[in-house]
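Secondary and tertiary structure notes
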Amino acid sequence: MASTLTFFSQRRLINLGLLLSAVAAFWALQESYANGIRSTGLLSGTALFGTCLVLALFNARKKLPFIPLLKASTWTQFHIYAGWFAVVVFFFHTGLRMPNGLFEIALYSVFLAVALSGVLGLILSRIYPSRLRLYGENLMYERIPSLRQQLQADVEKIIWKSVNETKSFTLARMYESKLKAYFSAKKNTFHHLIGSEKPVNDLTEELNQLQRYMVAAERVFLAEVIECVKAKDNLDMQATCQGVLKYWLFIHIPLTFSLLLMGLLHGLMALAFN
């Protein structure tokens, strides 16, 4: 474990050093352009567009995993630090000034949206996978709805068996009033997003309170239902976290290609009018 942490720390330091070196080299180049009375805007704009174009190739690399172009983890690290480099070059290019024209404002906004969605994706990719591993088996996202239906069918069998064997309807009434809706669809999305277990803890506590109204035999079935409630909560957590990791890309990637198109048009217009 210690050696693993050391490896990640060393890798982070090396990558950060490379990023700072690249920024320093670019700053020096920018200064030499300024001293030579050459267009620093053209330099930073070309560097920014080229960096964004290379960053977009990360998605192409994921679509073609069979091509031996370095490991996916290496590409991921490159994508992260090249993204930070693009942010720095963006501030060189804009000089931290708000643009004037509508197209420039739109381009400025799209870049910020791409950068922020990238940072958000980086944070989510650090938090949710480790949370999923804490809950045991990582389920296939597409199978979760069918597993949820199977779990609901199992709970209904437990309820029917409880009624038939104990002649008590306490558990059945609880199922009709609250548990049926709980098992029929994904619940507590917001709480799963922030890692809160309050809803499932409240529900299990409410179920445990029913024991005082149950005969001993019915409590055995109650314990089985509570296990199913916890299993359903795990399914909902997996669906939420995996869904975010899966569909976040549906925002980041289209924004990236919009940025490339707008950036290309912006560059052509700048060349034409200068």
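Further up the page is the structure itself.
Okay, so let's go over this structure. Because the structure is a prediction, the values reported are computed rather than measured.

1. Details of the nonpolar core
Formed by 27 residues in total, the largest nonpolar core has its most connected members in Leu179, Phe183, Leu207 and Val229. When residues of this core are traced back to their parent elements, those giving at least two are helix 5 (144-166), helix 6 (170-184), helix 8 (198-209) and helix 9 (216-247). Element by element, the count of residues in this core is highest for helix 9, at eight residues. Setting aside residues up to four positions removed in sequence, Leu207 forms contacts with Met174, Leu179, Leu222, Ile226 and Val229. Counting residues in each nonpolar core, the second largest holds 23 residues, with Ala56, Ile80, Ala86 and Leu260 among its members.

2. Focus: helix 8
With twelve residues, helix 8 extends 16 Å between its outermost C-alpha atoms, agreeing within 8% with the 16 Å of an ideal straight helix rising 1.5 Å per residue. Turning to helix 8, its buried residues number three or more, namely Pro199, Val200, Leu203, Thr204 and Leu207. With its buried residues spanning 125 degrees around the axis, helix 8 presents them on a single face. Against the buried residues of helix 8 lie helix 6, helix 7 (189-193) and helix 9.

3. Quick notes on the pattern of salt bridges
Opposite charge on two side chains allows them to pair when their charged atoms are near. Scanning all chains against the criterion turns up five salt bridges. A salt bridge links Arg148 to Asp236, with the shortest nitrogen-to-oxygen separation between them at 3.7 Å. Here Asp236 lies in helix 9 and Arg148 lies in helix 5, a separation of 88 residues in the sequence. Take Arg148 and Asp236: they sit in the same class, and that class is buried. The closest approach of N and O atoms between Lys198 and Asp202, which form a salt bridge, is 2.7 Å. Of this pair, Lys198 and Asp202 both sit in helix 8, four residues apart, which is roughly one turn of the helix. Each of Arg148, Lys232 and Asp236 takes part in one network of salt bridges that share partners.

4. Structural notes on a nonpolar patch on the surface
Together, Leu42, Leu264, Leu268 and Leu271 make up an exposed nonpolar region whose accessible area comes to about 390 Å². At three residues, helix 10 (residues 249-273) tops the list of elements feeding residues into the nonpolar patch. On the secondary structure map, Leu271 appears in helix 10.

5. Observations concerning the packing of helix 4 (residues 102-134) against helix 9
Following both chains from N to C, one finds helix 4 and helix 9 inclined at 155 degrees, their axes separated by 10 Å at the closest point. When the interaxial angle is binned, helix 4 and helix 9 end up roughly antiparallel. The element helix 4 and its partner helix 9 pack so that their crossing is left-handed. Of the residues in helix 9, those touching helix 4 at Leu124, Ser125, Tyr128, Pro129, Arg131 and Leu132 are Met237, Gln238, Cys241, Gln242, Val244 and Leu245.

6. A look at the side chain of Gln242
Note that Gln242 resides in helix 9. Reaching out from Gln242, the side chain makes a polar contact with the backbone oxygen of Leu139 at a distance of 2.7 Å. Sequence-distant contacts of Gln242, defined by excluding residues within four places in its chain, comprise Leu132, Asn138, Leu139, Met140, Tyr141 and Ile144.

7. Description of the packing of aromatic side chains
Taken as a whole and judged by the stated rule, the model has nine aromatic pairs. Relative to Tyr247, the ring of Tyr141 has its centre 6.2 Å away and its plane inclined at 70 degrees; by these criteria the two rings are edge-to-face. Separated by 106 residues along the polypeptide, Tyr141 in the loop between helix 4 and helix 5 and Tyr247 in helix 9 bring together distant segments of the chain. The class for Tyr141 is partly exposed, based on a relative accessible area of 22%. A ring pair is formed by Tyr182 and Phe183, whose centres lie 5.2 Å apart and whose planes are at 85 degrees; its orientation type is edge-to-face. Accessibility assignment for this pair places Tyr182 and Phe183 in one class, buried.

How each quantity is defined
Residues numbered from 1 in each chain as written. Predicted model: local features only at pLDDT ≥ 70, side-chain atom pairs only at ≥ 80, totals over all residues. Heavy atoms only, no water. Core = buried A, V, L, I, M, F, W, Y, C linked by side-chain atoms within 4.5 Å. Buried < 20%, exposed > 50% of the residue type's maximum accessible area, 1.4 Å probe, protein only. Helix = DSSP H or I, 4+ residues; strand = E, 2+ residues; numbered from the N terminus. Contact = heavy atoms within 4.5 Å. Expected span 1.5 Å × (residues − 1). Arc of directions from axis to C-beta. Salt bridge = Lys/Arg side-chain N within 4 Å of Asp/Glu carboxyl O. Patch = residues over 30% accessible without salt bridge, like charges linked within 9 Å, V, L, I, M, F, W, Y side chains within 5 Å. Areas by Shrake-Rupley, 256 points an atom, 1.4 Å probe, with all protein chains shown as cover. Axes fitted to C-alpha atoms, helices over the stretch in contact; angles between N-to-C directions. Parallel < 35°, antiparallel > 145°, perpendicular 65-115°, else oblique. Left-handed = near helix turned anticlockwise from the far one by under 90°. Polar contact = N/O pair within 3.5 Å; in protein donor to acceptor, adjacent residues only side chain to side chain. Phe/Tyr/Trp six-rings, centres within 6.5 Å; stacked < 30°, edge-to-face > 60°.

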